[in-house]
Amino acid sequence: MVTVTEAMAARREARTAGRRRVKAAPYLFVAPFVLVFAAFSAYPIFFALQLSFTNWHGAGALRVVGFANYRYLLASPDFWQSMATSGVLWLLVVPAQVLLALTIAVALRKARFRGLFSAALIAPFVTPLVAMAQVWIILFDKDFGAVNHGLTSLGLPAVGWLTTSVWAKVTVALLVLWRTTGYAVILLLAGLSTIPSDVYEAARIDGAGAWHQFWSITVPLVTRTLSFVVVIGTLTVFQLFAEPYVVTGGGPFNGTRTAGLYLYKHITNSDLGLGAANSMLLVLMVLALSVASIRLLRSREDS
Amino acid sequence: MINSVSSPVSRRTVLRGAGAALVAGGLGACAPGNTTGSDPLPTGKATTALSGELTIWDRTGDLYKVFDKAIASFTAKHPQVKVNHLAVDINAKLPATLISGAGVPDGAFYDDSLLTGVAPHLHDLSQLIEQYKPDIAPYKLGVVTVDGKVVAVPWDLDPGLLFYREDIVTQAGVDPASLTTYDALLGAARTVRDKFPQARPIHLENDQFLAQLWIDMFANQQGGAMIDAQGKLSIDSDPYRKALTWLDTVRSEGLGTLAKYTQPTDLQTQDKGTQVFVPWAQWFVFAPQQLLKASKGKWRAAALPAWQAGGPRAGVMGGSSFVIPAKAKNPELAWRLYEHLVFSKEGYTTVYGPNTVYPGGLNTSIPSYLPALDPDTPLFRPIDALGGQDLWKVAVEAGKQVPGGYAIPTWWGKAVDYFGVNVQKMLAGRLSPDEVLKTSATQIQKNLMGPS
């Protein structure tokens, strides 16, 4: 005969076994992702870290050089010039992109044919870059480009859009803005759609005007989406490679050699140790910039 | 037809590939493999019929189609050989592939100027090339030889020529035959400008990579190179100084059109006739044939002017060769294919001769294999875009004059960031020739060669 105590113990054991079974399930579910992440993200990142302390050129044994790659880069004017170029492009692209995207998204929020506009806005993002870069080169040619033709017909001087290091940055920034702003608009439209309409209704009843509604309701309630847009923008600019590669080749005078393009040079030159160290420094910089941007926006959200 | 790469890859290889991709993307790196470096490829002729499968990379575009036909002439002779011929952006993909070991082709077409950067990943072909050495243009043999080993099958020679607008030159009263020295060319440019005040007759290259390649052509013409026979930096030297001083004179006198090769300013000024003289590699001929409209048929080619009366009238700008990666699965078969393309009459005739892609033949370069360079046996036909001129004869005669003893340093590509950029600055009037040479020498020595 089974005693009450024994029966309770058996039930406890059964429950524990069930819990054990239940506990294993989540791990099994996430295992495929974890394995893929470990193989294709974690392993290469840790390997990059290891490589950054070597002078490996892709062949032969690894030779550890300590912090020499980092010292070289941090003392290299070329590295800092590439970072500065990316910094300038960030200033030219990200704030303008956020303002532009937010303005367009608010304007489109209740617009008719919103789907059509959204499709039109995303088109540059999916257009092959190389084709657009060629259009850009023709448009911004100093002597025969349509942009300078327009400027001179207005009595303004022609600009060396692709031939001076200052204006070449602006030309590249315009291409990046043109390509990526539509994507930011789509993100912000999604963010705006989560704001309940009765919030605006209440504000209107309280006498809030359009500007007041925008500043006190719209902006605070899409801050998280804006943070996301800023982080994506920051990542885009600091990894920027294709646009300057195709439009300016990093010139003139290395004036558009971005951090991404500078990194690419190490790879094509088989300087993998240096490339890995450069990657690590870039990751740190982007991380710091992204965190700072999020903090800045979050502090506004909190206030 | 463009085939896809279907060779199996190991798990470790995939991981290395992922690592290489991540480095390129700014995050990761790749694993060191057991790269064999410059392994010598076995010699000796195969006694049995050739068989097996090959993966060959060529550049995308028309050149791919031309090589496709040439490869067909090889497989027709060796039906047991299957060639997966792929059109690839080789300059972008080959270095990463060689390092990662993933999807490595058995052979690839590759720029000579970038060759030294990947040399440790290539087979040493010295023994195989030995029998052909006397028949290879000395310049080209020097270019494919890295640390005493031949690391590529030498393909084409791209002699520099002087392209000019015959109609404008004639209207200005300049005799093209008189353009025998660079001083004479300068004089001709002044004459053209006097006649046509809008003219900026001489091309000045504004792309930093091409500018470096271009000035190397001028230096090569004078027997100079960035490094001397001992491997020491020799950029701050007379050949470079002479070339830069001449270009600076062109700039300062307003005799030059500063433009990037085949970019809108370049093409428009050539078509309008304000840009009249283009000292450039033979492959400039592509522009009159494919890109220029109004000036098609009005261009002509001559040997480059000499830097001193009676001096050499040729230098080389660019060129490509065939590489066989150390990790190729079927390197012997790749060698046999390239041997057919480069050193057999059937091979080089199939590439350069008239075909469905280029009805007049491939005329943007000439073979570097000297027995193919008979002025009286042209491989390609006279060119309508050059007013029916026989470019073959002009190019072959120039090609045979190209000075040898030229070597490309391993850091040539990296030097573009210094020398190429400084030349750009000079052409913008921001540096003097001496400043370009001294600054570049210091930068290259410090950043690319280490302390002397």
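Residues numbered from 1 in each chain as written. Chains lettered and ligands numbered in written order. Predicted model: local features only at pLDDT ≥ 70, side-chain atom pairs only at ≥ 80, totals over all residues.

### Observations regarding the overall build of chain B
And step 1. The secondary structure content of chain B amounts to 17 helices and 14 strands.
And step 2. The buried share among the 452 residues of chain B stands at 55%.
And step 3. Long-range contacts, defined here as pairs at least 24 residues apart, represent 76% of the contacts in chain B between residues at least 6 apart. (Helix = DSSP H or I, 4+ residues; strand = E, 2+ residues; numbered from the N terminus. Buried ≥ 20, exposed ≤ 12 C-beta atoms within 10 Å, placed from the backbone. Contact = placed C-beta atoms within 7 Å.)

### Comments concerning the overall build of chain A
And step 1. The helix and strand inventory of chain A stands at 13 helices and 0 strands.
And step 2. Along chain A, helices (α) and strands (β) appear in the sequence α-α-α-α-α-α-α-α-α-α-α-α-α when read from the amino end.
And step 3. Taking 2.2 N^0.38 as the reference for a compact globule, 303 residues should give roughly 19 Å; the C-alpha atoms of chain A span a radius of gyration of 27 Å, well beyond that estimate.
And step 4. Reported as C-alpha extents along the three principal axes, the dimensions of chain A are approximately 105 × 75 × 35 Å.
And step 5. Residue burial in chain A is summarised as follows: out of 303 residues, 34% are buried.
And step 6. Taking the intrachain contacts of chain A between residues at least 6 apart in sequence as the baseline, contacts between residues at least 24 apart amount to 70%. (Rg over C-alpha atoms; globule rule 2.2 N^0.38 Å.)

### Topic: the sheet that holds strand β6 (residues 153–154) of chain B
Residues and elements named next belong to chain B.
And step 1. One open sheet holds the 5 strands; their spatial order is β2-β1-β3-β13-β6, and the pairing between them is mixed. Looking along the sheet, the strands with just one partner apiece sit at the ends: β2 (81–87) and β6.
And step 2. In this structure, strand β1 (residues 52–58) lies alongside β2, joined through 7 bridges in parallel fashion. Bridge pairing in β2 links Asp58 to Ala87. (Pairing = 2+ DSSP bridges.)

### Side note on the packing of helix α7 (residues 165–192) of chain A against helix α10 (residues 223–238) of chain A
Residues and elements named next belong to chain A.
And step 1. Axis separation between α7 and α10 bottoms out at 9 Å; the angle between their running directions is 160°. For the element pair α7 / α10, the angle class is roughly antiparallel. As α7 runs across α10, the sense of the crossing is right-handed. Touching Thr180, Ala184, Leu187, Leu188 and Gly191 of α7 are Thr225, Phe228, Val229 and Thr236, all from α10.
And step 2. Within the contact of α7 with α10, the residues separate by chemical class into 5 nonpolar, 4 polar and no charged. (Axes fitted to C-alpha atoms, helices over the stretch in contact; angles between N-to-C directions. Parallel < 35°, antiparallel > 145°, perpendicular 65-115°, else oblique. Left-handed = near helix turned anticlockwise from the far one by under 90°. Nonpolar A, V, L, I, M, F, W, Y, C, P; charged D, E, K, R; others polar.)

### Here's the deal with the domain arrangement of chain B
Residue and element names in this part refer to chain B.
And step 1. What the domain assignment reports for chain B is domain 1 (11–158 + 318–372) and domain 2 (160–316 + 397–449).
And step 2. Of note, the centres of domain 1 and domain 2, computed from C-alpha atoms alone, are 30 Å apart.
And step 3. Each partner contributes residues to the interface: domain 1 has 19 residues there, and domain 2 has 19 residues.
And step 4. Among the secondary structure elements, those contributing two or more residues to the side of domain 1 that touches domain 2 are α4 (112–118) and α6 (138–143). (Domains from an automatic or database assignment.)

### As for the pairing of strand β8 (residues 160–165) of chain B
All names here are of chain B.
And step 1. Burial runs high along β8: 6 of the 6 residues are buried.
And step 2. Covered by surrounding structure in β8 are Gly160, Leu162 and Tyr164 together with Leu161, Phe163 and Arg165, the residues of both alternating faces.
And step 3. In this structure, β8 lies alongside strand β11 (residues 277–281), joined through 5 bridges in antiparallel fashion. Residue pairing in the sheet places Gly160 in a bridge with Ala281 of β11.
And step 4. Bridge analysis of β8 against strand β12 (residues 299–303) gives 5 bridges, and the strand direction is antiparallel. In the strand pairing of β12, Leu161 is matched with Ala303.

### Some remarks on helix α16 (residues 412–427) of chain B
Residue and element names in this part refer to chain B.
And step 1. The sharpest bend along α16 comes to roughly 35°, located at Tyr418.
And step 2. Within α16, 14 of the 16 residues are buried, leaving the element largely enclosed by the surrounding structure.
And step 3. Once α16 finishes, Gly429 follows within two positions and takes phi at roughly 80°, a positive value. (Bend = angle between axes of the 7 residues up to and from the residue.)

### What to know about the nonpolar core
And step 1. Residues A:Leu188, B:Val151, B:Ala152, B:Phe163, B:Val192, B:Ile215 and B:Leu337 are the most contacted members of the largest nonpolar core, which totals 197 residues.
And step 2. Ranked by the residues each element gives to this core, the list is headed by α7(A), at 10 residues. (Core = buried A, V, L, I, M, F, W, Y, C linked by C-beta atoms within 7 Å.)

### Considering unusual backbone geometry
And step 1. In this chain, A:Gly251 is followed by A:Pro252 through a cis amide linkage whose omega measures -5°.
And step 2. One can find A:Pro252 in the loop between α11 (242–247) and α12 (259–268).
And step 3. Non-glycine residue A:Asn254 carries a positive phi angle of around 60°.
And step 4. On the basis of neighbour count, A:Asn254 is assigned to the buried category, with 23 C-beta atoms found within 10 Å.
And step 5. With a phi close to 60°, B:Thr262 is a non-glycine residue in the positive phi region.
And step 6. Tracing the sequence through the fold places B:Thr262 in the loop between β10 (256–259) and α11 (264–272).

### Here's the deal with the environment of B:Gly256
And step 1. Among the structural elements, B:Gly256 can be located in strand β10.
And step 2. Placed 51 residues apart in sequence, B:Gly256 and B:Glu205 show a C-alpha to C-alpha distance of 9.4 Å.

### Side note on the confidence of the model for chain B
All names here are of chain B.
And step 1. Chain-level pLDDT for chain B is 89 on average; 89% of the residues reach the 70-or-more range.
And step 2. Note that pLDDT drops below 50 for residues 1–37; the model gives that stretch 98 contacts with residues more than four away or on any other chain.
And step 3. The ipTM value of the predicted complex is 0.71, and its pTM value is 0.81. (pLDDT = per-residue confidence, 0-100.)

### Re the environment of B:Asn447
And step 1. In this structure, B:Asn447 sits in helix α17 (residues 433–449).
And step 2. On the neighbour-count criterion, B:Asn447 (17 C-beta atoms within 10 Å) is partly exposed.

### A short note on the environment of B:Gly173
Residues and elements named next belong to chain B.
And step 1. Within the secondary structure layout, Gly173 lies in the loop between α7 (166–171) and α8 (182–195).
And step 2. We classify Gly173 as exposed; it has 11 C-beta atoms within 10 Å.
And step 3. Between the C-alpha atoms of Gly173 and Val192, which are 19 residues apart in sequence, the distance is 8.2 Å.

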